[in-house]
Amino acid sequence: MGDINQELCRLIKEAQGDRGQNQFAQQCGISSSAITRIFTGTYVPSAKTLNKIASRAYNSVTYEMLMNAAGYLTEQKESPTARQGKWINVYGNIAAGIPIEAIEDIIDQEEITAEMAETGEYIALKVKGSSMEPRITNGDVVIIKLQKTIENGEIAAVLVNGNDVTLKQIKKEDNGLWLIPFNSAFPHLFYSKKECAELPVRILGKMVELRAKF
């Protein structure tokens, strides 16, 4: 572990105080695993993450102190996040009408490449249920590119009934939308254009990557 990371870890532990790591992470709005990665030297936190930590810090630890320890304020040092990946939130549930940044049901974080991050906005979802088995199973994490449109045959995260999110293959027709599971034990669901508008049924984004959990 380098000198910079040692100092950053020391400050984060001071910021944490007598709180447990899980409690502290939850209060900061980040995952406990992200803090573990910082402590083990496998993750350089972004300025946004450091700001979250500083907002819940004890012992007079400031945002500027954390930024300096991470090397952001050292003119001679190249930014430690240059071309590194971006951490995105993993959500357990998403409700329609609530901006993504306002949702508090963050259960973990996943890293995507810098190249991917430059192509749009991404979130991750933890899969619930078995409707997409055998390809996608309960507990897997899927990476979703946020977008309002989808092509036939693509897999999308879809908001249904205003408060549920489901992962299904999409088939569009002139008079409505089919949500198709991979598991033959589950029915194909059809929503007319009127139902899509009134329930509502809305495309949240396109699945671009599966991260199976064992």
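Being a predicted model, the structure only gives us computed values, none of them experimental. (Residues numbered from 1 in each chain as written. Predicted model: local features only at pLDDT ≥ 70, side-chain atom pairs only at ≥ 80, totals over all residues. Heavy atoms only, no water.)

A. Seen up close, the sheet that holds strand β5 (residues 155–160). Taken in spatial order, the nine strands of this open sheet run β2-β1-β3-β4-β9-β5-β6-β7-β8, and their pairing is mixed. The open sheet has two edge strands, β2 (106–112) and β8 (189–192), and neither has a second partner. Across the sheet, the axes of successive neighbouring strands diverge by a mean angle of 40°, strand direction being ignored. Of the pairings in the sheet, the one linking β5 to strand β9 (residues 201–211) comprises five bridges and is antiparallel in character. Considered in β9, the bridge of Val 160 is made with Val 201. (Pairing = 2+ DSSP bridges. Helix = DSSP H or I, 4+ residues; strand = E, 2+ residues; numbered from the N terminus. Axes fitted to C-alpha atoms, helices over the stretch in contact; angles between N-to-C directions.)

B. Here's a closer look at the pairing of strand β1 (residues 86–91). When you tally the buried positions in β1, you get five out of six residues, the bulk of the element. Relative to β2, β1 runs antiparallel, the two being bridged by six bridges. Residue pairing in the sheet places Ile 88 in a bridge with Glu 110 of β2. Pairing geometry for β1 and strand β3 (residues 122–126), over two bridges, is parallel. Looking at β3, one finds that Tyr 91 is bridged to Leu 125. (Buried < 20%, exposed > 50% of the residue type's maximum accessible area, 1.4 Å probe, protein only.)

C. Representation of helix α2 (residues 21–28) within the structure. Where α2 is concerned, the buried positions are Phe 24, Ala 25 and Cys 28. Down the axis, α2 shows its buried residues gathered within 100° of arc, on one side only. Looking at α2, the residues exposed on the side facing more than 90 degrees away from the buried face are Asn 22 and Gln 26. Positioned one or two residues after α2, Gly 29 has a phi angle of 80°, which is positive. (Arc of directions from axis to C-beta.)

D. A look at the nonpolar core. Of all hydrophobic cores here, the largest spans 23 residues; its most connected members are Leu 8, Ile 12, Phe 24, Ile 53 and Leu 66. Ranked by residue count, the leading element in this core is helix α1 (residues 3–16), at five residues. Residues within four places of Leu 66 in sequence aside, it is in contact with Leu 8, Leu 11, Ile 12, Leu 50, Ile 53, Ala 54 and Val 61. With 14 residues, the next largest nonpolar core counts Leu 125, Ile 144, Ile 155 and Met 207 among its residues. (Core = buried A, V, L, I, M, F, W, Y, C linked by side-chain atoms within 4.5 Å. Contact = heavy atoms within 4.5 Å.)

E. Examining the pairing of strand β4 (residues 141–146) more closely. In the sheet, β3 pairs with β4 via five bridges, with the strands oriented antiparallel. By the bridge assignment for β4, Tyr 122 is matched with Lys 145. Strand direction decides the pairing type here: β4 and β9, joined by six bridges, are antiparallel. Within β9, the residue paired with Ile 144 across the bridge is Met 207.

F. Local environment of the pattern of salt bridges. Scanning all chains against the criterion turns up six salt bridges. Note that Arg 211 and Glu 110 form a salt bridge whose closest N and O atoms lie 2.9 Å from each other. Here Arg 211, found in strand β9, pairs with Glu 110, found in strand β2; they are 101 residues apart in sequence, far enough to count as distant. Across this residue pair, the class does not change: Arg 211 and Glu 110 are buried. The residue Glu 173 makes a salt bridge to Lys 171 at a minimum N-O spacing of 4.0 Å. (Salt bridge = Lys/Arg side-chain N within 4 Å of Asp/Glu carboxyl O.)

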